[in-house]
Amino acid sequence: MLIFSAQAATSGRACRNTLRQIACQTNMRKKNTVAWTPGTTARPVPGAGRRVTSYDVALLAGVSQSAVSRCFKPGASISPATQAKVMQAALSLDYIPNAAARSLITRRSNLVAVIISNLANLYYPQVLSDLSQQIARQGKRLLLFTLEREADIGRVLSDVWQYQVDGAIVAAGLSDEQMAEFGRREVPLVLFNRSPREHAVHAVLCDQAEAARLLVSRLADAGHRQFAVIDGPGDSAVAQERKAGVLDRLFMLGLPAPIVVSGNYDYASGGRGLRKVIDRLGRVPDAVICGNDIMAIGCLDTARHQMGIQVPLQMSVAGFDALEASGWLSYDITTLRQPVQKMATDAVAMLGELMERRGGSAERRRYCSYLVEGSTARLTSEPQRFGMMAAA
């Protein structure tokens, strides 16, 4: 969790004022002053207790201060000879570029906010790794904000604005007012795995409802009739879309309405949910669809080790997200895998374009999941891939 205080905010303002003074003083210096060249005995040494600046490096290397700046800016034009001199001087002085000072000059923080929920599916560590790598390739850094619940996002946004981020990737539900605030503050926004409904916002997402409908079709074709759903958190848009897809397809097939119990995306919810389903139904259901894999694992363990239910002979169990643990031999869960690496790459690329050109019509890139046919469900022999949907 990130912790902020009024004292920290005051110190931040003082720091920014100091940096502005330093920047003004630096601009007053001559660009091409050369006080020392390699091979001579005299060399500039910063005063005691003072941090080494780009001006010190420029003096030592015998180049302009702007040349030093270009040397440490990804993609900037600089000759190999100049770069070699600058890097040698920087190494000699143990110089580290000051990102805060550079942001005052460029008016960019080089920070990208990523907002996710702590209750999000456990595949998000992989998503964060992919996002971080892609963001770093653009010369920026990921600033992570976590939510206890998606409904908490309003309190987190006030912290996001303080950091003057260049853009944001949000894997949580936003109200129309909150999405409009990104536009008002001119902060480019890309939604990750969340549908912007009617609001004109860029988004990269899987069609959760369609994936759920196709999973139900495969199970129904294999003879399953009585379904149960262990649902995710009520404020999770992904969980609600998955449940809606299950209900919609069962209705279209004319099958009985499923028993639906609430869960919290955790292991205990899976076992507890299965017991509630059986209590309400009065028997073991034909199939249990869990809102994510961790609940499916909890359901499976409870069925096998505490209730003596044979899976998949008596009851099929399926989940979503294809967690690493779901593929372990002791589980081998039937689940749906989202192309998260591709989604992360596309989200960062989309945000990069927005940060460069601003504006433009909203783009939504939609994908569907791959079915991972584990050993916990009886399925018909259909193609395993549902495919990629057209961008909207």
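Just above sits the structure.
Residues numbered from 1 in each chain as written. Predicted model: local features only at pLDDT ≥ 70, side-chain atom pairs only at ≥ 80, totals over all residues. Heavy atoms only, no water.

As a packed pair, helix α9 (residues 208-221) and helix α10 (residues 237-253) sit with axes 7 Å apart at the nearest point and diverge in direction by 40°. Looking at the two axes, α9 sits oblique to α10. Between α9 and α10 the crossing geometry is right-handed. On α10, the residues that touch Gln208, Ala209, Ala212, Arg213, Val216, Ser217 and Ala220 of α9 are Val238, Glu241, Arg242, Gly245, Val246, Asp248, Arg249, Leu250 and Leu253. Its residues assigned to classes, the contact of α9 with α10 shows 8 nonpolar, 3 polar and 5 charged. (Axes fitted to C-alpha atoms, helices over the stretch in contact; angles between N-to-C directions. Helix = DSSP H or I, 4+ residues; strand = E, 2+ residues; numbered from the N terminus. Parallel < 35°, antiparallel > 145°, perpendicular 65-115°, else oblique. Left-handed = near helix turned anticlockwise from the far one by under 90°. Contact = heavy atoms within 4.5 Å. Nonpolar A, V, L, I, M, F, W, Y, C, P; charged D, E, K, R; others polar.)

Turning to the packing of aromatic side chains, a few remarks are in order. Taken as a whole and assessed by the stated rule, the structure comprises 3 aromatic pairs. With 6.3 Å between their ring centres and 70° between their planes, phenylalanine 145 and tyrosine 163 make a pair best called edge-to-face. In this pair, phenylalanine 145 sits in strand β2 (residues 141-147) while tyrosine 163 sits in the loop between α7 (153-162) and β3 (167-171), placing the two residues 18 residues apart along the sequence. Note on tyrosine 163: relative accessible area 34%, which makes it partly exposed. (Phe/Tyr/Trp six-rings, centres within 6.5 Å; stacked < 30°, edge-to-face > 60°. Buried < 20%, exposed > 50% of the residue type's maximum accessible area, 1.4 Å probe, protein only.)

What follows concerns the pairing of strand β1 (residues 111-117). With 6 of its 7 residues buried, β1 lies for the most part within the structure. As paired strands, β1 and β3 are joined by 5 bridges and run parallel to one another. By the bridge assignment for β3, isoleucine 115 is matched with valine 170. (Pairing = 2+ DSSP bridges.)

By the element assignment, arginine 280 lies in helix α11 (residues 267-281). According to the relative accessible area criterion, arginine 280 is exposed, its value standing at 54%. Note: C-alpha distance between arginine 280 and valine 261 (19 residues apart in sequence) is 9.7 Å. Once you skip the residues sitting within four places of it in the chain, arginine 280 turns out to touch Ile259, Val260 and Val261.

The next subject is the sheet that holds strand β7 (residues 259-262). Picture the strands of a sheet paired through backbone hydrogen bonds; they go either parallel or antiparallel. Taken together, the 4 strands give an open sheet; going across it, the order is β7-β6-β8-β9, and neighbouring strands pair in parallel fashion. Either end of the sheet is taken by a strand with one partner, and the two such strands are β7 and β9 (316-318). Taken pair by pair, the neighbouring strands of this sheet meet at an average axis angle of 15°, ignoring direction. Sheet topology places strand β6 (residues 227-231) next to strand β8 (residues 287-290); 4 bridges connect them, and they run parallel. When the bridges of β8 are listed, phenylalanine 227 appears paired with alanine 287. Seen against the sheet, α9 touches β6, β8 and β9 and runs at an angle of roughly 165° to β8.

Our next topic: the nonpolar core. Within the largest apolar cluster, 27 residues are counted, with the highest numbers of intra-cluster contacts made by Leu274, Val288, Cys299 and Met315. Contributing elements (two or more residues each) for this core: β6, α10, β7, α11, β8 and α12 (293-306). Element by element, the count of residues in this core is highest for α12, at 7 residues. Among residues more than four places away in sequence, those in contact with cysteine 299 are Ile230, Gly270, Gly271, Leu274, Val288, Cys290, Met315 and Val317. (Core = buried A, V, L, I, M, F, W, Y, C linked by side-chain atoms within 4.5 Å.)

Now for helix α2 (residues 54-61). Burial of α2 is extensive: 8 of the 8 residues sit out of reach of the surface. Buried within α2 we find Ser54, Tyr55, Asp56, Val57, Ala58, Leu59, Leu60 and Ala61. Residues of α2 that are buried make contact with α3 (65-71) and α4 (80-93). Following α2 by one or two positions, glycine 62 has its phi on the positive side, about 75°.

One can describe the packing of α7 onto helix α8 (residues 176-184) by two numbers: an axis separation of 12 Å at closest approach and a directional angle of 5°. With respect to their mutual orientation, α7 and α8 come out roughly parallel. Of the residues in α8, those in contact with Ile153, Gly154, Leu157 and Trp161 of α7 are Gln178, Glu181 and Phe182. The class makeup of the residues in the contact of α7 with α8 is 4 nonpolar, 2 polar and 1 charged.

For the rest of this paragraph, the subject is the pairing of β7. Along β7, the buried face is formed by Ile259 and Val261; none of Val260 and Ser262, which line the opposite face, is buried. Note that β6 and β7 share 4 bridges and pair parallel. Within the sheet, the bridge partner assigned to valine 229 lies in β7 and is valine 260. Handedness of the β-α-β unit built from β6, α10 and β7 comes out right-handed. (Right-handed = clockwise from strand over helix to strand, strands pointing away.)

Time to look at the sheet that holds strand β11 (residues 364-367). Pairing within the open sheet is parallel, and its 6 strands lie in the order β2-β1-β3-β4-β5-β11. Each edge of the open sheet carries a strand with a single partner, namely β2 and β11. Along the sheet, successive strands turn relative to each other by an average axial angle of 15°, direction set aside. Bridge count between β1 and β2: 7 bridges; the pairing is parallel. Bridge pairing in β2 links valine 114 to leucine 144.

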